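Secondary and tertiary structure notes
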Amino acid sequence: MFTFKQTLRDLARHPVRTLLVSILIAVLMVASAGIYAMSIDVRHTISEIERTHSVNAYLLRGLDQTSIQTLLEQMQKNEAVARAEYVSPADGLKKLETQYPQFASVFRDLTRNPIPPLIRVYPVSVQGITGLAAELRSLAGVQSVEYDEGSVQGMANANVFVHSLLLYVLILAGFLFVAGFCLMAFSIINGKRKETAVLSVVGASNLQVLLSTPAHLVAVWALASVFFAVVFPSVMRYSTTRLKASFSWVTPEPAGVVYAGAAAVVLLASLACLLLACVIATVLAYRIDEEQRREETLLE
Amino acid sequence: MIQMLSVSKRYDDGYYGLRDITFKVGPSKFVFLTGESGAGKSTVLRLIYRAERPTNGTILVDGADTAAAHGGSLTTLRRRMGMVFQDYMLLFDRTVYENVALPLAVRGMGKGIISQEVDKYLDQVGLSGYQHRRCCSLSGGEKQRVALARALIAKPDIILADEPTGNLDLSNGEKIVEVLHDANRQGATVFMATHDLYLVQSTRLPFVRLRGGRKVEEGNF
């Protein structure tokens, strides 16, 4: 009870210091969780963009409906294929007319439909698109296979770059988080060293002496976690809105799950750091109590 | 009663802080521990309140070996003692009230009793009305009187004072010694380290004199 009251008084005694330290820890937590959640969002967005790439498999003219259906099912069963759809010559011409209304008279004057039947194949990932195209080309009934090679290559390069960048940022955020948290913890431990020594001199019990600093650390962490819980959802809401505004066609992953996951990871990491700091604080307090009183009290 | 029996203290670097010290401080006595700087006065006090253990010999406080004190028994031992230091050992970011109340707060005493006792002991050391002053804003003499009130408030059987007048002028030093005399008159054993031989001579109280970690004299002026 004494330790609990003392900790609350300590926090209230230096409100600005307490708030600054808690806010700083909360900022580290929000930044790390935000970057983690953002990396998930970006990865998801990239995979959504990848899904818009397609391979056109042009079929031989005169192929009957049963053969087309068999080919379509064969393609859909392929693990590298996300989905496949059949575009009949009539549908193809209709799309052309919609896309190029200025050539309506040309389309009207056509004596026969020049559009070949095709199956549009959407790959799971652009990485394996070359192999998929070769596979499709080898199928009986497929006349030719076409896809935008330049765009696919550009997408693949961008994908590798973004993933590397995110990994570096994530590692940096993790390092900053651990370093920042430990720095805060050590400044608290250092600030409490004299109090620890005084407590043992005035007859505090071992538990009171040993728990004094860890209790303070836990209180600051709890305060930081409250700030984190308040600020993090707002930051995430803002970033989600921005993401949706930029990539309106992207189907977002369940935001709650992603952000709760990011928050849980960061909270667990901060708990691990807190535990480490508490152990160090307790060991230091024990050493002060046992042998280092000479340096800590009389000769300080 | 405090007894030191053939006590030596050797540090890790091989330096002997104390060599073969034997003396006794009887119950309810006021005894000075005197000697020049580096004579080993602080080491003796540290050994008594078990901040350190002796390398050789035995230290008994009312018959109990302090070296064996650990955990709960160490807390009990320290709760029987009040300590005063030359550098005050106060928490300067706290008020006078909070510093003086600390020994009672760690013992789990109620707010009402603490408040009453703090007022009483601050009055005894001449600091009535200082409750809400921060310790960092006090003069050296005032700080030492706060430290003294903190040492006395839990009514310890033994008061160990390590150069409590070392940083003070004559007038403030006399006030501190007077308060310690009052505590002694009320039954506390006072063991005070000082390098001020004039103070020891003027009081005509028993003393133990150290030089270079050895006891060189014991008696009364």
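Reading the values: rules and limits
- Residues numbered from 1 in each chain as written.
- Chains lettered and ligands numbered in written order.
- Predicted model: local features only at pLDDT ≥ 70, side-chain atom pairs only at ≥ 80, totals over all residues.
- Helix = DSSP H or I, 4+ residues; strand = E, 2+ residues; numbered from the N terminus.
- Buried ≥ 20, exposed ≤ 12 C-beta atoms within 10 Å, placed from the backbone.
- Contact = placed C-beta atoms within 7 Å.
- Pairing = 2+ DSSP bridges.
- Axes fitted to C-alpha atoms, helices over the stretch in contact; angles between N-to-C directions.
- Parallel < 35°, antiparallel > 145°, perpendicular 65-115°, else oblique.
- Left-handed = near helix turned anticlockwise from the far one by under 90°.
- Core = buried A, V, L, I, M, F, W, Y, C linked by C-beta atoms within 7 Å.
- pLDDT = per-residue confidence, 0-100.
- Nonpolar A, V, L, I, M, F, W, Y, C, P; charged D, E, K, R; others polar.

**Brief notes about the overall build of chain B**
Each helix and strand counted, chain B has seven helices and 10 strands in total. When each of the 221 residues of chain B is scored for burial, the buried share is 46%. Considering only contacts in chain B between residues 6 or more positions apart, those separated by 24 or more positions represent 69%.

**Overview of the overall build of chain A**
The helix and strand tally for chain A stands at 11 helices and four strands. Counting all 300 residues of chain A, 30% fall into the buried class. In chain A, 84% of the contacts between residues at least 6 apart in sequence involve partners at least 24 apart.

**Side note on the interface of chain B and chain A**
By a frequent convention, interface size equals the accessible area lost on bringing the separate parts together. Facing 22 residues of chain B, the contacting portion of chain A comprises 18 residues. Going through the elements one at a time, α1 (41–48), α2 (72–79), β6 (81–85) and α3 (96–106) of chain B are the ones with two or more residues in the side of chain B that touches chain A. The element best represented in the side of chain B that touches chain A is α3(B), accounting for four residues.

**Section: the sheet that holds strand β1 (residues 55–59) of chain A**
All names here are of chain A. One open sheet accounts for four strands, arranged β2-β3-β1-β4; its pairing is antiparallel. Looking along the sheet, the strands with just one partner apiece sit at the ends: β2 (81–87) and β4 (142–146). Strand-to-strand twist of the sheet, defined as the mean angle between neighbouring strand axes without regard to direction, takes the value 20°. Sheet topology places β1 next to β4; four bridges connect them, and they run antiparallel. Each bridged residue has a counterpart across the sheet, and for Y58 the counterpart in β4 is S144. Strands in contact with helix α3 (residues 65–77) are β1, β2 and β3 (118–123); relative to β2, the strand with the most contacts, it is inclined by about 165°.

**A look at the environment of B:D20**
Residues and elements named next belong to chain B. By the secondary structure assignment, D20 is in strand β2 (residues 16–25). Take D20: there are 15 C-beta atoms within 10 Å of it, and that puts it in the partly exposed class. Contacts of D20, omitting those with residues within four sequence positions, involve S6 and S8.

**Some points on the sheet that holds strand β9 (residues 207–211) of chain B**
Residue and element names in this part refer to chain B. The sheet built from six strands is open, its strands ordered β6-β7-β8-β3-β9-β10 with mixed pairing. Edge strands, defined here as strands with exactly one partner in the open sheet, are β6 and β10 (214–219). Going across the sheet, the axis of each strand differs from the next one's by a mean of 15°, ignoring polarity. The pairing of strand β3 (residues 30–35) with β9 spans four bridges and is parallel. Each residue of the ladder has a partner; that of L33, found in β9, is V208. Contacting β6 and β7 (158–162), helix α5 (residues 140–152) runs over the sheet at an angle of about 170° to β6.

**A closer look at the packing of helix α1 (residues 2–13) of chain A against helix α9 (residues 206–246) of chain A**
Residues and elements named next belong to chain A. Where α1 meets α9, the closest approach of the two axes is 9 Å, and the angle between their N-to-C directions is 45°. By the angle between their directions, the pair α1 and α9 is classed as oblique. Taken as a pair, α1 and α9 cross one another with a handedness that is right-handed. In contact with F2, T3, F4, Q6, T7, D10 and L11 of α1, α9 contributes Q208, L211, S212, A215, H216 and A219.

**A few points about the pairing of β10(B)**
Residue and element names in this part refer to chain B. Here β9 runs beside β10; their pairing, made up of five bridges, is antiparallel. Bridging from a neighbouring strand, F207 pairs with G219 of β10. Counting the residues in the hairpin turn of β9 and β10 gives two residues, including G212, whose phi is positive at 55°.

**Things to note about the nonpolar core**
Ranked by size, the top nonpolar core spans 78 residues in total, and within it B:I159 and B:L160 carry the most contacts. In terms of residues, this core owes the most to one element, α3(B), which gives seven residues. Residues within four places of B:L160 in sequence aside, it is in contact with B:L45, B:I48, B:Y49, B:M81, B:M83 and B:F191. Counting 34 residues, the second-largest nonpolar core is a separate cluster that includes A:A37, A:A185, A:L217 and A:F228.

**Examining the confidence of the model for chain B**
Looking at chain B as a whole, its pLDDT mean stands at 90, while 100% of the residues score no less than 70. For this predicted complex, the interface confidence score (ipTM) comes to 0.84, while the overall pTM stands at 0.70.

**Quick notes on the environment of A:G34**
By the element assignment, A:G34 lies in helix α2 (residues 15–51). Excluding anything up to four places from it in sequence, A:G34 contacts A:V235 and A:S239.

**Looking at unusual backbone geometry**
Residue and element names in this part refer to chain B. Residue S28 is not a glycine yet carries a positive backbone phi of 60°. Summarising the element assignment, S28 is placed in the loop between β2 and β3. In this structure, M89 is a non-glycine residue whose phi angle is positive, near 55°. Relative to the elements of secondary structure, M89 occurs in the loop between β6 and α3.

**Some details on the confidence of the model for chain A**
When pLDDT is low, close inspection of the predicted coordinates is not appropriate. When pLDDT is averaged across chain A, the result is 82; 92% of the residues are at 70 or more. Counting interchain partners and residues more than four positions distant, the pLDDT-below-50 stretch residues 291–300 of chain A has 22 contacts.

**Concerning the packing of α2(A) against α9(A)**
Residues and elements named next belong to chain A. Where α2 meets α9, the axes come as close as 8 Å, and the angle between the chain directions of the two elements is 35°. Relative to α9, the crossing made by α2 is right-handed. Along the lines of polarity and charge, the residues of the contact of α2 with α9 split into 20 nonpolar, five polar and one charged.

**A closer look at helix α8 (residues 193–201) of chain A**
Burial within α8(A) is extensive, with seven of its nine residues counted as buried. A:G203, located one to two residues past α8(A), shows a positive phi value of around 95°.

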